[in-house]
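Geometric and topological summary
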Amino acid sequence: MADSPKKYDKESRYTEGRWIAGGFEGETVTRRRLMEGTALAAGGIATMAFLLPGLGFALGPLFEDTIPTVWQDVGPEGDFNDLSYVPRVMNIAPEIGDAGKTTIYVRKFNDGQDKVIDGQDPQPYVVISTRCAHLGCPVRYIQASQKFVCPCHGGVYGFQGDVEGGPPVRPLDRFYTRVTNGRVEVGDRFSLNSELERFAPRDPSNHIDGLWQYLYPSRPTT
Amino acid sequence: MTPPLPKSLRRSPSRPGQDDRNGKNGKNGRNGPATKPTAKEQAVEGTASVVGWLDERTGASPFLRGFLYRKVPKGTNWYYTLGTATMFAFLSQAVTGVFLAMYYEPDATRAYESASRITNEVFLGEFVRGMHKWGSTVMIILIFVHMGRVFFFGAYKYPRELNWVIGVVLLVLTLLMGLTGYLLPFDQRSFWATVVAVNLNSSGPIVGPYLADFLRVGSEFGPTTIARFYSLHMLLVPLLIAALIGAHLYLVAKLGTTAPPWLKAEKKDLLKEEV
């Protein structure tokens, strides 16, 4: 007999050798096995077909800069001097409305004192964000001591926004500035390390000094 | 295996001599002539036949009996109701939340107005919003008290470790509900609290900044942030919570509850003489 059952071998590659009913010579995968695999693969492909685009859609903002640059007018040049900060209210994302209003501190660039932030044209104005570099509470400028103080956990910053005490991990962020038709305009935010070197905008609590900076990657887009 | 039905739900054969009009002996039984069933009997019979129809087609009876009439250990007390209380707090949140969603608009320019409209203008709006707001606090208190009960009674021990793990995930999800819901009134407090909360997420090494970008939809709190929080708050997290509550309850019914730790096993109960 041509297809007489071969010697039983549990480990055999062939269905015939494993004595599976209906197995024929040279068959290694049973029909049942093949159908299982097909069903699983089809289900997996169908799931991925909606899951991956959906996830990409939800995670898009990680890879894409969604906040457009907006230059906001904060007043005429005459309002500001180079010795003390003047508070102004602006909205980082204007579409948010009243809830998103935040204070910024504005002063003229002081040629004698201020360091030119590297890698850019000297900014005509120094605009300090009030978002504390610890966890983002609003800091307040105290003219008498020329310091910024955070109410939440006692972070203290000097006149340049450099850390003088408390938990903040880096100086206060700043904004780009320009002057158009005699009016001061404020643009995007940027971050500074302890040497007052410019970095892409980071979240509060993200280090950009020493070894710590490698734990807080920059956004791919900014 | 399946616990028996309680006595009140079991049908008992009629006593000898008692009038059996439409009972087990049938209409032509020996106990008397067939008479018209009363309205009450018809109602009972009708309900029983509907229940029977469903049971015959689903086989739900053994499952429900095991779930609802399972034995509980001696010493079971009011502390054992805390989990159910938490679940009812969740159900109340779900129901009030669905109704709030009928009036609320998750848009940066409309959110505050629609929320204050619910409070000030919609009929019973203040009450339903109040239930949702205070209910969230109640749920978080209850979940922690329930967790404390399980911890101090030692009810997390073998074989219930998995249920403890599921419970901890439920706790985290409930806190996430609190976090995402806090933004939705969209006043100054909720806005800045959310900014700080997202910054807290950002302080985690390596994944932190990405997590913050995911929550905020970008590097700054923008107009779409509120839609994302709304979607997490009313779709993703509640679905996960509901599914995990199902798993949690299944394990409770499967494994049974524990006796309170102050109760010692009584030996005389273990040796029961058959009479």
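This text goes with the structure placed above it.
Residues numbered from 1 in each chain as written. Chains lettered and ligands numbered in written order. Predicted model: local features only at pLDDT ≥ 70, side-chain atom pairs only at ≥ 80, totals over all residues. Heavy atoms only, no water.

Contact with chain B, which involves 30 residues of that partner, is made by 32 residues of chain A. Summing both partners gives a buried area of about 2600 Å² for chain B against chain A, and 59% of it is carried by carbon and sulfur. On the surface where chain B and chain A come into contact, there are 3 salt bridges. Two residues, Glu220 of chain B and Arg131 of chain A, come together in a salt bridge whose shortest N-O distance is 3.6 Å. In this structure, the connection of chain B to chain A is made through 9 residue pairs in polar contact (both at pLDDT 80 or more). Broken down by secondary-structure element, the contributors of at least two residues to the side of chain B that touches chain A are α7 (188-202) and α8 (208-216) of chain B. (Contact = heavy atoms within 4.5 Å. Buried area = accessible area lost by both parts, 1.4 Å probe. Salt bridge = Lys/Arg side-chain N within 4 Å of Asp/Glu carboxyl O. Polar contact = N/O pair within 3.5 Å; in protein donor to acceptor, adjacent residues only side chain to side chain. Helix = DSSP H or I, 4+ residues; strand = E, 2+ residues; numbered from the N terminus.)

This part is about the nonpolar core. Among the nonpolar cores identified, the biggest contains 23 residues, and Ile96 of chain A together with Tyr104, Leu183, Phe186, Phe191, Phe221 and Ile226 of chain B are the most heavily contacted of them. Looking at this core, the elements with two or more residues in it are α4 (111-120), α7, α8 and α9 (225-255) of chain B. Apart from residues lying up to four places away in sequence, Phe191 of chain B is in contact with Ile96, Ala99 and Gly100 of chain A together with Leu183, Phe186 and Phe221 of chain B. (Core = buried A, V, L, I, M, F, W, Y, C linked by side-chain atoms within 4.5 Å. Buried < 20%, exposed > 50% of the residue type's maximum accessible area, 1.4 Å probe, protein only.)

Per the counting criterion, the structure on display carries 23 aromatic pairs over all chains. Arranged with centres 6.4 Å apart and planes meeting at 35°, the rings of Phe186 of chain B and Phe221 of chain B form a pair that is tilted. Taken as a pair, Phe186 of chain B in the loop between α6 (161-183) and α7 and Phe221 of chain B in the loop between α8 and α9 lie far apart in primary sequence, 35 residues in all. Three or more aromatic residues joined by ring pairs make a cluster, and in this case those are Tyr85, Tyr105, Tyr141, Phe148 and Phe159 of chain A. One cation-aromatic arrangement involves Arg228 of chain B over Phe214 of chain B; the distance from NZ or CZ to the ring centre is 4.8 Å. (Phe/Tyr/Trp six-rings, centres within 6.5 Å; stacked < 30°, edge-to-face > 60°. Lys NZ or Arg CZ within 6 Å of the ring centre and 35° of its normal.)

Further remarks concern the state of the cysteines. Working definition: the covalent bond between the sulfur atoms of two cysteines is a disulfide. All names here are of chain A. A complete count under the given rule lists 1 disulfide over all chains for this structure. Disulfide pairing is shown between Cys137 and Cys152; the S-S distance is 2.0 Å. Disulfide Cys137-Cys152: the torsion about the S-S bond is -90°, which places it as left-handed. Remark: Cys152 occurs in the loop between β6 (147-149) and β7 (156-157) and Cys137 occurs in the loop between β4 (125-129) and β5 (140-142); sequence separation between them is 15 residues. Classification of Cys137 as buried rests on a relative accessible area of 7%. (Disulfide = S-S within 2.5 Å.)

A full pass over the atoms with the stated rule returns 14 salt bridges over all chains. Connected through shared salt-bridge partners, Arg131, Arg170, Asp173 and Arg189 of chain A together with Glu220 of chain B make up one network.

Describing two packed helices takes the angle between their axes plus the distance from one axis to the other. All names here are of chain B. Contact geometry of α4 with helix α5 (residues 125-152) gives a least axis separation of 5 Å together with a crossing angle of 115°. On the basis of the axis angle, α4 is roughly perpendicular to α5. Contacts between α4 and α5 involve Ala115, Ser116, Ile118 and Thr119 on the former and, on the latter, Gly125, Glu126 and Arg129. For the contact of α4 with α5, the per-class residue count stands at 2 nonpolar, 3 polar and 2 charged. (Axes fitted to C-alpha atoms, helices over the stretch in contact; angles between N-to-C directions. Parallel < 35°, antiparallel > 145°, perpendicular 65-115°, else oblique. Nonpolar A, V, L, I, M, F, W, Y, C, P; charged D, E, K, R; others polar.)

This part covers the pairing of β4 of chain A. Residue and element names in this part refer to chain A. Judged by how many residues are buried, β4 sits mostly within the fold: 5 of 5 residues are covered. The alternating pattern of β4 places Tyr125, Val127 and Ser129 and Val126 and Ile128 on opposite faces, both of which are buried. Relative to β4, strand β3 (residues 101-108) runs antiparallel, the two being bridged by 5 bridges. Opposite Lys108, over in β4, you have Tyr125 as the bridge partner. With 2 bridges joining them, β4 and strand β9 (residues 174-180) adopt antiparallel strand pairing. Counterpart to Val127 in the pairing with β9 is Phe175. (Pairing = 2+ DSSP bridges.)

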